[in-house]
Amino acid sequence: MRVLVTGGAGFLGSHLCERLLGDGHEVICLDNLFTGRKANIVHLLSNPYFEFVRHDVIDPFKFEVDQIYNLACPASPRHYQYNAIKTIKTSVMGAINCLGLAKRVRARVFQASTSEIYGDPDQHPQQESYWGNVNPIGIRSCYDEGKRCAETLFFDYHRQNGVDIRIARIFNTYGPRMLASDGRVVSNFIVQALRGEDITIYGDGSQTRSFCFFSDLIEGFVRLMNQDETTGPVNLGNPGEFTMIELAEAVLRLVGSRSKLVYLDLPADDPKQRQPDISIAKGALGWEPKVSLEEGLKETIAYFRNGLQG
Ligand code: NAD
Ligand code: UDP
């Protein structure tokens, strides 16, 4: 198949491009390189079945493709809040452009949605049927509401135009190729521990997240895209739930670092807890994560150790 991956030069997108090429597909990677990097895909550029197109998803595009994965959107709070208006445009107009193309060429289209759909959840763990608790006017809203609107668009194109959609709600995912400077908690803690800097805990560190290693997630993407049973939304994430203090302690132990924990203000609207209920993914896709936090952290630490030395 010929497959379009928007956001294909980013952390998850580049791993997905690699996987799709490995599965024997032709891949077009479209990215404006806002948070993505050529370094993430440089090893793919010599492959005749891989093509990189520098383009912004808010401007229309046309390709003859069989499948579209829409990943274009900055994912870390630091980057999505940098230009909030651009973030919401990317989610909404990017979705419209992908859906319009899918309708025209009859491609199946996948949306990289997010656990942020659930906001600061008062249901725990979160099931797909939960409508969420999202602030529509806060500093995270450009991302949360942009992604919610994208899901609405996906279902409206599906109902109104018969577009063949798949939606994954991704919970915090980490691994090699995250940006050292992107401000997400796993990359922050690892880089701080490796540099011997203080580990910055926001709030009292009792808030929880469930961390999935990238390889498990990409397997979930491909399974969701290549089955006919469900459109989603399907939660994809690792149900192992940790407080930020537990994460910091694991990183310090695995790095062998003596960095101290320091406590900073909690950002506005920071969700207190997050854990995916993955019953649907297990049932419909036969999918569940395999990589433990410890194994995944070791691989990610090795990646950053190399990068920081190089
Ligand atoms: P990332 O920032 O590394 O990747 C996003 C990619 O999209 C980058 O390559 C960036 O340059 C590109 N991009 C941004 N705006 C664009 C635009 N207007 N036009 C074209 N390209 C654009 O982040 P990631 O972690 O790889 O996330 C990929 C997708 O998965 C995002 O849609 C994100 O919202 C979603 N997601 C990720 C996580 C996670 O924990 N990693 C969780 C939930 C959802
Ligand atoms: N966090 C933290 N220290 C950091 C970066 C983040 O304690 O240096 C916390 C943050 O407040 C949040 C959690 O870690 O509670 C996850 O943050 P991240 O930005 O990685 O993702 P998100 O909030 O979007 O889940």
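Check the entry above for the structure.
Let us look at the structure shown here. Remember, predicted model here, so these are calculated numbers, not experimental data.

Moving on, we come to the overall build of the chain. On a plain count of helices and strands, the chain comes out with nine helices and 13 strands. Computed over its C-alpha atoms, the radius of gyration of the chain comes to 19 Å, within 12% of the 19 Å expected for a compact globule of 310 residues. Split into buried and exposed, the 310 residues of the chain put 56% on the buried side. Accessible surface for the chain amounts to roughly 13,400 Å². Of this, 49% is attributable to carbon and sulfur atoms. Of the side-chain charges in the chain, 33 are positive and 37 negative, and the distance between the mean point of each set is 4 Å.

Before going further, it helps to examine the site of ligand 1. Around ligand 1, the surrounding shell holds 30 residues, and the nearest of these are Leu-12, Asp-31, Thr-35, Tyr-143 and Thr-173. At 2.9 Å from an oxygen atom of ligand 1 is found a main-chain nitrogen or oxygen belonging to Gly-36. Across the complex, the protein chains shield 96% of the 820 Å² of accessible surface that ligand 1 would expose by itself. Those elements that place two or more of their residues in the shell around ligand 1 are α1 (11-22), α3 (84-105), β5 (108-114) and α4 (141-161). When the residues that make up the shell around ligand 1 are grouped by side-chain class, the tally is 14 nonpolar, eleven polar and five charged.

The end-to-end C-alpha separation of helix α7 (residues 244-255) is 16 Å, in line with the 16 Å expected for twelve residues at 1.5 Å each. Residues of α7 that are buried include every one of Met-244, Leu-247, Ala-248, Ala-250, Val-251, Leu-252, Leu-254 and Val-255, and no others. Backbone geometry just after α7 places Gly-256 at a positive phi near 75°.

Within the element layout of this structure, Gly-119 appears in the loop between β5 and α4. For the pair Gly-119 and Leu-44, spaced 75 residues apart in sequence, the C-alpha to C-alpha distance is 36 Å.

Now for the site of ligand 2. Close contacts around ligand 2 come from 18 residues, with Asn-188, Thr-200, Arg-209, Asp-270 and Arg-274 the closest. A distance of 3.0 Å separates an oxygen atom of ligand 2 from a polar atom in the side chain of Arg-140. Between ligand 2 and Arg-274 there is a distance of 2.7 Å, counted from an oxygen atom to a side-chain nitrogen or oxygen. Against a free-state accessible area of 520 Å², the protein chains account for coverage of 95% of ligand 2.

Analysis parameters
Residues numbered from 1 in each chain as written. Chains lettered and ligands numbered in written order. Predicted model: local features only at pLDDT ≥ 70, side-chain atom pairs only at ≥ 80, totals over all residues. Heavy atoms only, no water. Helix = DSSP H or I, 4+ residues; strand = E, 2+ residues; numbered from the N terminus. Rg over C-alpha atoms; globule rule 2.2 N^0.38 Å. Buried < 20%, exposed > 50% of the residue type's maximum accessible area, 1.4 Å probe, protein only. Areas by Shrake-Rupley, 256 points an atom, 1.4 Å probe, with all protein chains shown as cover. Lys, Arg positive; Asp, Glu negative; His and termini not counted. Charge placed at Lys NZ, Arg CZ, Asp CG, Glu CD. Near = heavy atom within 4 Å. Polar contact = N/O pair within 3.5 Å; in protein donor to acceptor, adjacent residues only side chain to side chain. Nonpolar A, V, L, I, M, F, W, Y, C, P; charged D, E, K, R; others polar. Expected span 1.5 Å × (residues − 1).

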